[in-house]
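What follows is the residue order along each chain.
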Amino acid sequence: MIARLLRAALPPAIVVIALVAAWDIAVRLMQPSEYLVPAPLAVARAFLEQRAELVPAALRTAGSAAAGFAIAAAAGVLAGSVLAASRFLMRGLYPLATLLQMVPLVAIAPILVIWCGYGPRTSVASAAIVSVFPVLAATLDGMRSTDPGLAELFGVCRASRLQRWWKLELPWALPSIVTGLRIAAGLSVIGAIVGEFVGAFAGDASPIGIIILSAMRENRTDLVFASVALAAAAGFALFGLVSLLGWALLRRWHASAG
Amino acid sequence: MGRTFADGTRALAGASLMVPAGAITALVGPSGCGKTTLLRMMGGLDAPTSGAVRFAGGARPRAAFAFQEPRLLPWRSVVSNVALPLELAGVPRGERRARAERILDRVQLAGAGRKLPGQLSGGMRMRASIARALVTEPELLLLDEPFGALDEITRQALDDLLLALWGEFGMTVVVVTHSIVEAAYLGRQVVVMAPAPGRVVGCIKPGFASRTPALRATPEFAASTASLLQMLAQSMVREKGAA
Amino acid sequence: MVTSIPRRAACVLAATLCGALALAIPAGAQDAKPALRKVRLQLNWVPEPEFGGIYAARQDGLFAAEGLDVEVISGAAGTPVPQMTASGQVEFGVVSGDQVLTLRERGGSLVALFTVFHTSPMGVMVPEASPHRSLESLWKSDATVAMEAGLPFVRYLNKRFPGGKVKLVPTGAGLAAFERGTVQAQQCFITAEPVQLELRKVPVRVFSLAEGGYDPYTVSIATSEAFLAKDRAACAAFVRALRKGWASYLKEPGKYNPSIHKLNPAMSLEAMDLAARKQHDLVAPRTGDEVGWMERDRWVTLAGQLKELGTLKEPPAVIDAVFWNAPR
């Protein structure tokens, strides 16, 4: 099992190392100013120097993202189930849901601050908003493709609507839902950071979004890169956790797992 | 108990049929003859647009279906799948597991309870599907080409299994099949149907004294299948003539 | 042998000769006049009275008179003007004094040429009804204050009034949060936000940062070291035009505000006139100096302050490299 994980991690690790090496060579050759493109070592140094500030900040952002993601997962599955159950509702509400997704988060963020106030609540809300649609769409899609033969079986057994949803449609849609959850996991960190840009508390308990903003203002591009890398790592970790969950749920019976 | 039909949907025109209680009836015919529609109407999955399904004793009996695809939930174990109808009806866990295990034993899947459907062969999955149909102890068992996707050897084995189960439980069985051999082997009454429009063209009652695997080799059996074949062929010719 | 040329042909020939002459003379005259030097000026905000002198210079043709064709590009919050200027994307850019120094430490060499405000207009505003009557009182409370993240003066205030529990939030939501009271104080330009609020009948009290001890050159126009070296004459011409433009604007802002208002309809003409009046004393030089003239001491002080606050690791070795006053 450990061997398999390592083997799976090897190709992307090689790609990352190759990219960082290419970046380093490019910087050495072209010698851009530090404020434009810092060298990988400069970024690493910035991270090491500020890690006491950066790591807790990243954890705060990851926490907001995870909370937003959890809300979006529940809301997305429920909303997707409701839309799957009623053709009328689906025709009426699905186009609206897609429209909501089109509105750029940056434009909604100030409104969120007015509704949720300053602090982590805004970043949780913005993370949730950005994550809900992939889950909703995946749930809807998965449920609507329920095998009609199985649906008929449930009909023959006179199952209640709730039984049908819980014992047939939800497990059936699970592979699709997991795909949606993975997409949402990555997006949730972005959503949290955008929310932080507009509504987070700076100071002792800054999240990563604030650090990025103030590093940009102070022309500390190396710190910006380090913060962004850390945020990406948080997103990746969340994605990994969700993938692991998906694997655990699906591995025994679905080809997509493993 | 006796059962009476009259007339049907556009897939069926003027099909009229009596199904004897406690016996196996086979519906045989080419594609499009409406045999599946007829079966589904018997079980309440469809309703006739003209005419009606009537049951002796008035009330509709408890029916169970087995389809050509096993229709097992891939994420549940075999025993959990078999217990599903009981679970949906609210039977407590301990009791439904026990009943499921017993049925699995009857269909010779005793060791396979914990496996997932994906780990079983086609024949085993079909047996699990039948087990699920039987777990509720239905009065009416409806099978729609249950062994159509399987090879000949497996099919014969499963036919014998079906006979054995019927022998034990004694419910009314209606089997829809493409196979004349299977129809003759299983059915106390074999109903021949023809398409366009779907209708009943004839009915024979092969009166074999006993049904054992050896029966298939006997000349009487061959005679039965021959007459069924003839009936079918005639109906096709008539149809061609009419067209 | 003399052949009489047909009359019509003679007329055509004469007309053609006249035409050619008519075209040739102005062309010749144009060849003598040099083409205008194209330069770009990137603002760090939308067109407002803080850039009044620039628009005055443009309106009065002062740039053209100095041989420059200046394209003025509006900016917004977050426009990376220091980087754009240092990297040569634009020739001139509006930055703040601290950015000139911090960018230099990260490899971007800006040289400040002109500073609009000799006294910083930066401040923190509270509603008139607020219990806080001083920056100290505000900073030591647990009020929610909206500040752009990473501004040096936040560090300055934190250092000056330590142990405060003030909660800092970003300014992304504009004035809405301040007006609702969600935010009890907000950073401002003395000449901008309070003006708009006054016109909306929302009285405020403003604490000036300059009076509080932090007074960098604000709204400075800078260029890259490379461009200054390459075309010092253009930089000097640019500064001369700016000085004249500002002199005109200070005398008569009402003459130039309509054109600014057309570029930024969101700020009313009334607000612009009020802002221009408020900013007058912060822009007009106190001594006989030119508008925009920079003093070395101010840069030294700023560098020292930034080092103390930890924004700069070290003050620049040669402070004079950081700014350049074009000869009068």
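Caption draft 1: Structural detail: the sheet that holds strand β5 (residues 122-127) of chain C. All names here are of chain C. Taking strand neighbours across the sheet as the criterion, the 5 strands line up as β7-β6-β8-β5-β9 in an open arrangement whose pairing is mixed. Each of the sheet's edge strands pairs with one partner strand only, and the pair in question is β7 (167-169) and β9 (204-208). The average undirected angle you get between the axes of adjacent strands in this sheet is 30°.

Caption draft 2: Spatial organisation of the nonpolar core. Counting residues in hydrophobic clusters, the biggest one holds 173 residues, and the most contacted among them are Val135 of chain A together with Val82 and Ala131 of chain B. Looking at this core, the element that brings in the most residues is helix α7 (residues 161-199) of chain A, giving 16 residues. If we skip the residues at most four places from it in the chain, Ala131 of chain B touches Val82, Ile103, Leu104, Val107 and Leu109 of chain B. Within the second largest apolar cluster, 61 residues are counted, among which are Val70, Phe114, Val195 and Trp324 of chain C.

Caption draft 3: Focus on the arrangement of the chains. Counting contacts across all 2 pairs of chains that touch, the top pair turns out to be chains A and C. The two partners chain B and chain C share no contact, and the minimum distance between any of their C-alpha atoms is 49 Å.

Caption draft 4: Seen up close, the interface of chain B and chain A. On the side of chain A, 11 residues touch chain B, which itself brings 13 residues to the contact. Here the side of chain B that touches chain A gets 3 residues from one element, more than from any other, and that element is helix α3 (residues 84-88) of chain B. When the residues that make up the side of chain B that touches chain A are grouped by side-chain class, the tally is 10 nonpolar, 1 polar and 2 charged.

Caption draft 5: Spotlight on the domain arrangement of chain B. Taken domain by domain, chain B consists of domain 1 (1-62 + 170-243) and domain 2 (63-137). With centres defined by C-alpha atoms, the gap from domain 1 of chain B to domain 2 of chain B works out at 27 Å.

Caption draft 6: A look at the sheet that holds strand β1 (residues 37-42) of chain C. All names here are of chain C. Taken together, the 5 strands give an open sheet; going across it, the order is β2-β1-β3-β10-β4, and neighbouring strands pair in mixed fashion. The sheet is open, and its two edges are formed by β2 (68-73) and β4 (110-117), each paired on a single side. Within this sheet the neighbouring strands show an average axis-to-axis angle of 25°, counted without direction. Note: β1 against β2, 6 bridges, orientation parallel. Counted as the bridge partner of Val39 is Val70 from β2.

Rules used in this analysis
Residues numbered from 1 in each chain as written. Chains lettered and ligands numbered in written order. Predicted model: local features only at pLDDT ≥ 70, side-chain atom pairs only at ≥ 80, totals over all residues. Pairing = 2+ DSSP bridges. Helix = DSSP H or I, 4+ residues; strand = E, 2+ residues; numbered from the N terminus. Axes fitted to C-alpha atoms, helices over the stretch in contact; angles between N-to-C directions. Core = buried A, V, L, I, M, F, W, Y, C linked by C-beta atoms within 7 Å. Buried ≥ 20, exposed ≤ 12 C-beta atoms within 10 Å, placed from the backbone. Contact = placed C-beta atoms within 7 Å. Nonpolar A, V, L, I, M, F, W, Y, C, P; charged D, E, K, R; others polar. Domains from an automatic or database assignment.

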